[in-house]
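So the chains spell out like this:
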Amino acid sequence: MTNNELADVFERIANLMKIKDELVFKVRAYERTAETLRSLGEEASALAARGALTSVPGIGKAISEKIEELLSTGKLGFLQRLEEEVPPSLLEMLKVPGVGPKKVALFWKELGLLNLADLQQAAAEGKLRSLPGMGEKSEAAILAGLASLAQRSGRMTLLRASEEGARWLAWLRKQPGVERAEPAGSLRRWKETVGDLDLVVAHREPAALMQAFTAHPDVARVLGQGENKSSVELKDGLRIQLWAQPPESFGALWIYATGSKDHNVRVRELAQRKGLSLSERGLLDAQGNLLRMPEEEQIYAALGLDWIPPELREDRGEVEAAAKHALPRLVSLGDIRMELHSHSTWSDGAVTIEEMARAAIARGYKVLAVTDHSHYMGIVNGMRPEDLPRQRAEIEEVQRKLGGQILLLQGAEVDIRSDGALDYPDEALAALDVVIASLHMSLHQPREQVTARLLNAIRNPHVDIIAHPTGRLLPDRAGADLDWSAVFAALAEHGTALEINASPMRLDADDAHTRHAAGLGIPITINTDAHAPRGMDEMIYGVSVARRAGLSAECVINTWEVEKLTGWLKKRGSRA
DNA sequence: GCCGTTTTCGGCCCGACTGTTTTCAGTCG
């Protein structure tokens, strides 16, 4: 079982236990396990094999035994017994906005409702309103929630979230009395996909702003409106949460709204140990004085912590590191000196090599690798090996024209065929300055088979970089099911670089795998895979993955000095 | 269920908003 599959099981257990009304702290232990598994990077099976599961924070004896049972049998007796007590079809009702575990249990026990269809029918027939704690309004809210559930799409890409966020922030900054408006939530943490948009403002009298916000013409439904917090659903299904506090409390508000939830819990626990209580309004001391602070740095500092970059706020040890002043110095966009994965009109790119080179110069890059596709049948207009010398001649011509402004490398993005063979013969690969290998076809072969293909590419001495390793497409098309332990081992053995593909549709490798790979000393490269100059602007999204992985610039080969990179390539047997 | 610079037992983050309630439970982030 993959980490994600294991995480799904623990999430399921947590939700069933909530409906069963188990102790919330037990439930949280299972929820936390699900979160931890998703961001582990290393395979749980590898950890289990060396008996190290309980070394993971939050995983103790009981849960590690459950993981081991799942890994060895694919089943879990504990879950099977739980599902006999609590029908698993109830879980779909939890997806309805405004319906939580208590209501699900109520509907099930009082009315025998088992699924969404039952709920829809009971609500339409007016059977919910007479239940204890329910009324006509709650019944209507459930009908509205069912309707919006049917219409809503899931999570969106970071690109769309950034664009929507920028649009709404611009609107907010024009509203009277708004002293500051900023993104928060998973958008600010640069999570690979974003569910709802979270925005915060500094404002002294926010009631009128909240009124204007909920009355905005794009709003289809107001989910809640108060003095300090409102929540709406737009006509296209997007949800936005807006929080407001006076400017002197902005620091606490921004931390709160940025999350993650687990990070906030960790920080608040720390505050408690220091005799303080942290909320979105500020720090409450033991005497009941509210200490308001306009900046996040001040709140963190009051707790003895360095300011924590939002990308790290996932409760993966960042609070402990901040207390020891040992946070990594994260790579930033300004550190990037090269684009090592790009396309031109020689394959499916939109512009010529010269135009791409000028675009790279305009972005301050010192190196551009032209890495057009090989010719495998799945790739539109890919290059045949016999085309490579002519392309080399054009690259050299452009190089002469541009002189020392940039170093152009001839590379290729060579497809790994369905049978695992590379698309070019070794002689062709040896003549290139840099070789990228990647999977495009047959991504959903069985794990052993698709992993073997990737391993074959990694073992080829001419291959320098493995690009977008899983081939996934965000927000929801899964990529290859890789045996990551084997992939990491091979990358480390051969010194092959792992790409973070910066396209917001890919962000592949993801933060968890990147973090683990870098920890093993595997070189990381962040590339946009640009097919046109504009594509190079997506570099920031790739950098965000590296930051979420906790990487400093040294781990990322395209932050290196030019000589260091060419030296690395030469040592790998390339022509550069 | 997990965990330990107070603890191997007894804790475990905090507040806004809503709808049902005459003081609070449920949901959400």
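Residues numbered from 1 in each chain as written. Chains lettered and ligands numbered in written order. Predicted model: local features only at pLDDT ≥ 70, side-chain atom pairs only at ≥ 80, totals over all residues. Heavy atoms only, no water.

## Some thoughts on the sheet that holds strand β9 (residues 282-284)
Spatially, 3 strands are ordered β8-β9-β10 in an open sheet, and the strand pairing comes out antiparallel. A single partner strand is all that each edge strand has here, and the edge strands are β8 (277-279) and β10 (290-291). Relative to β9, β8 runs antiparallel, the two being bridged by 3 bridges. What sits directly across from S279, in β9, is G282. (Pairing = 2+ DSSP bridges. Helix = DSSP H or I, 4+ residues; strand = E, 2+ residues; numbered from the N terminus.)

## Some points on unusual backbone geometry
Residue S260 is reached from G259 by a cis peptide bond, and omega for that bond is -5 degrees. In this model, L474 is joined to P475 through a cis peptide bond whose omega is 10 degrees. Turning to its location among the elements, P475 is positioned in the loop between β15 (465-466) and α20 (484-494). With a phi close to 50 degrees, S442 is a non-glycine residue in the positive phi region.

## A closer look at the side chain of H216
By the secondary structure assignment, H216 is in the loop between α11 (207-214) and β5 (219-225). On the basis of relative accessible area, H216 is assigned to the buried category, the value being 13%. A distance of 3.0 Å separates a polar atom in the side chain of H216 from the backbone nitrogen of D218. Excluding its chain neighbours within four sequence positions, the residues that come into contact with H216 are W168 and W171. (Buried < 20%, exposed > 50% of the residue type's maximum accessible area, 1.4 Å probe, protein only. Polar contact = N/O pair within 3.5 Å; in protein donor to acceptor, adjacent residues only side chain to side chain. Contact = heavy atoms within 4.5 Å.)

## Some thoughts on the pairing of strand β4 (residues 197-202)
Of all 6 residues in β4, 6 are buried; the element is thus mostly enclosed. Along β4, one buried face is formed by L197, L199 and V201 and the opposite face, lined by D198, V200 and A202, is buried too. Bridge count for strand β2 (residues 180-183) against β4 is 4 bridges, and the pairing is antiparallel. Following the sheet pairing, R180 is matched in β4 by A202. Taken together, the 6 bridges between β4 and strand β7 (residues 239-245) define a ladder with parallel strand orientation. The residue of β7 that forms the bridge with A202 is Q245.

## Side note on a nonpolar patch on the surface
A grouping of L23, V24 and F25 is seen on the molecular surface, where their side chains present a nonpolar patch of about 350 Å² in accessible area. Relative to the helices and strands, V24 resides in helix α2 (residues 24-38). The class for V24 is exposed, based on a relative accessible area of 56%. (Patch = residues over 30% accessible without salt bridge, like charges linked within 9 Å, V, L, I, M, F, W, Y side chains within 5 Å. Areas by Shrake-Rupley, 256 points an atom, 1.4 Å probe, with all protein chains shown as cover. Salt bridge = Lys/Arg side-chain N within 4 Å of Asp/Glu carboxyl O.)

## Here's the deal with helix α19 (residues 447-459)
Residue pairs three or four apart in sequence face the same way in an α-helix, which turns once every 3.6 residues. Here α19 contains 13 residues, and its C-alpha end-to-end distance of 18 Å stays within 8% of the 18 Å for a straight helix at 1.5 Å per residue. Those residues of α19 that fall on the buried side of the exposure criterion are V450, T451, R453, L454, L455, A457 and I458. Where α19 is buried, its residues meet β14 (434-438), β15 and α20. (Expected span 1.5 Å × (residues − 1).)

## With respect to the sheet that holds strand β13 (residues 407-415)
Taken together, 7 strands build an open sheet; the order of strands is β11-β12-β13-β14-β15-β16-β17 and the sheet is parallel. Each edge of the open sheet carries a strand with a single partner, namely β11 (338-339) and β17 (524-527). As paired strands, β14 and β15 are joined by 2 bridges and run parallel to one another. Looking at the pairing, A437 lines up with I466 of β15. Sheet strands touched by helix α22 (residues 539-548): β11, β16 (497-501) and β17. Its angle to β17, the strand with the most contacts, is close to 150 degrees. (Axes fitted to C-alpha atoms, helices over the stretch in contact; angles between N-to-C directions.)

## So, empty space enclosed by the protein
Enumeration according to the criterion identifies 1 cavity of 30 Å³ or more in this entry. Considered as a void within the structure, the largest cavity measures approximately 40 Å³ in volume. In this structure, the largest cavity is lined by A252, I255, Y256, N264, R268, L278, S279 and I299. Elements with a minimum of two residues in the lining of the largest cavity: α12 (250-258), α13 (261-273) and β8. Looking at which element gives the most residues to the lining of the largest cavity, the answer is α12, with 3 residues. When grouped by side-chain class, the residues that make up the lining of the largest cavity number 5 nonpolar, 2 polar and 1 charged. (1 Å grid on protein atoms, 1.4 Å probe; cavity = no way out; pocket = protein on both sides within 12 Å on 5 of 7 lines; lining within 4 Å. Points joined across faces, edges and corners; volume = space filled by probe spheres on them. Nonpolar A, V, L, I, M, F, W, Y, C, P; charged D, E, K, R; others polar.)

## Examining the domain arrangement of chain A
The assigned domain composition of chain A is domain 1 (1-86), domain 2 (89-151), domain 3 (156-244), domain 4 (249-323) and domain 5 (333-571). Here the C-alpha centre of domain 4 lies 36 Å away from the C-alpha centre of domain 2. (Domains from an automatic or database assignment.)

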